[in-house]
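# Chain and residue survey
The primary structure of each chain is shown beneath.
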Amino acid sequence: MPNIVYIATSIDGYIADKNDGLDWLGIVPNPDGNDFGFAKFMDDIDALLMGRKTFDVVNAFDGDWPYTKPVFVLTSTLKNVPAELAEKVFLISGSLQEVFKSINDKGFSSIYIDGGKTIQSCLEEDLIDELILFQMPILLGGGVPLFGTLSNQMELEHRRTEVFLNAIVKSHYVCKR
Ligand SMILES: NC(=O)c1ccc[n+]([C@@H]2O[C@H](COP(=O)([O-])OP(=O)(O)OC[C@H]3O[C@@H](n4cnc5c(N)ncnc54)[C@H](OP(=O)(O)O)[C@@H]3O)[C@@H](O)[C@H]2O)c1
């Protein structure tokens, strides 16, 4: 613990557009290359747990592998990791309880959770501790949703909100238990 969601959404709550695209993440000009706290966040976490679909997208990016921490990919279909990622990416499956136990038992306690379905499943099983949400100033009108239905309501405690470039709203919430 903690398991932390760190993700950018449209105002209408999508994390990818209708074509699975992410170009809209760049709609706000950022001439000074502000990273909005990403490097500090990455320093603070021990590992990532991402859904297989998010892994597919990240793996298709041009350039170097973007993560310096171990990435566990939740999947029931992928059988192999590309050779060049063998020391960086690890496939994992099973119940979410088993998955987190396995990751925690390896010594990783602060986990960055990524991918819409993955986040939804973790929320449903009350396995998320914090949410750091970046709201981009756009209505996508459809796409991959961040949130889905939940069996139970979940109350959140607001920690802080920052506004970057007078356009991007970053809010940090802790899940109340
Ligand atoms: N805006 C952002 O910051 C941001 C961040 C991350 C991702 N994205 C976008 O979000 C999209 C991917 O999100 P997504 O919601 O489609 O999928 P996802 O959560 O990334 O991946 C879903 C996959 O994870 C695997 N999985 C295994 N067990 C699971 C479980 N218990 N719960 C959930 N998933 C499980 C399954 O893979 P198998 O089918 O292999 O079993 C499932 O198909 C991409 O378009 C990506 O670009 C955007």
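Read on for an overview of the structure.

Time to look at the overall build of the protein. Regarding its fold elements, the protein presents four helices and ten strands. The burial tally for the protein puts 23% of its 177 residues in the buried class. The long-range share in the protein, meaning contacts at least 24 apart out of those at least 6 apart in sequence, stands at 68%.

This next bit is on the nonpolar core. By size, the foremost hydrophobic cluster in this structure holds 30 residues, and its most contacted members are Val 5, Leu 48, Leu 49, Met 50, Val 73, Ile 111 and Ile 113. Those elements giving two or more residues to this core turn out to be β1 (3–10), β2 (14–16), β3 (47–51), β4 (71–74), α3 (96–105), β6 (111–114) and α4 (116–124). Here this core gets four residues from one element, more than from any other, and that element is β4. Here Met 50 is in contact with Phe 55, Val 71, Val 73, Leu 74, Asp 114, Gly 115 and Thr 118, once residues within four sequence places are set aside.

What follows concerns the sheet that holds strand β10 (residues 168–175). Across a sheet, paired strands are connected by hydrogen bonds in the backbone, their directions being either parallel or antiparallel. A sheet is described by the order of its strands in space; here eight strands give the open sequence β5-β4-β3-β6-β1-β7-β10-β9, paired in mixed fashion. Lying at the two open borders of the sheet, with one neighbouring strand each, are β5 (89–92) and β9 (156–164). The average undirected angle you get between the axes of adjacent strands in this sheet is 20°. Judged from the four bridges that link them, β3 and β4 form a sheet pairing that is parallel.

Here we come to the site of the ligand. Around the ligand, a shell composed of 24 residues is seen, among which Ala 16, Gly 51, Gly 115, Gly 116 and Ser 121 lie nearest. Counting only elements with at least two residues in the shell around the ligand, the list comes to β1, β2, α2 (52–60) and α4. Residues belonging to the shell around the ligand are distributed by class as follows: ten nonpolar, nine polar and five charged.

The topology assignment puts Ala 60 in helix α2. The exposure class of Ala 60 is exposed, given the 7 C-beta atoms found within 10 Å.

Conventions we followed
- Residues numbered from 1 in each chain as written.
- Predicted model: local features only at pLDDT ≥ 70, side-chain atom pairs only at ≥ 80, totals over all residues.
- Helix = DSSP H or I, 4+ residues; strand = E, 2+ residues; numbered from the N terminus.
- Buried ≥ 20, exposed ≤ 12 C-beta atoms within 10 Å, placed from the backbone.
- Contact = placed C-beta atoms within 7 Å.
- Core = buried A, V, L, I, M, F, W, Y, C linked by C-beta atoms within 7 Å.
- Pairing = 2+ DSSP bridges.
- Axes fitted to C-alpha atoms, helices over the stretch in contact; angles between N-to-C directions.
- Near = placed C-beta within 6 Å.
- Nonpolar A, V, L, I, M, F, W, Y, C, P; charged D, E, K, R; others polar.

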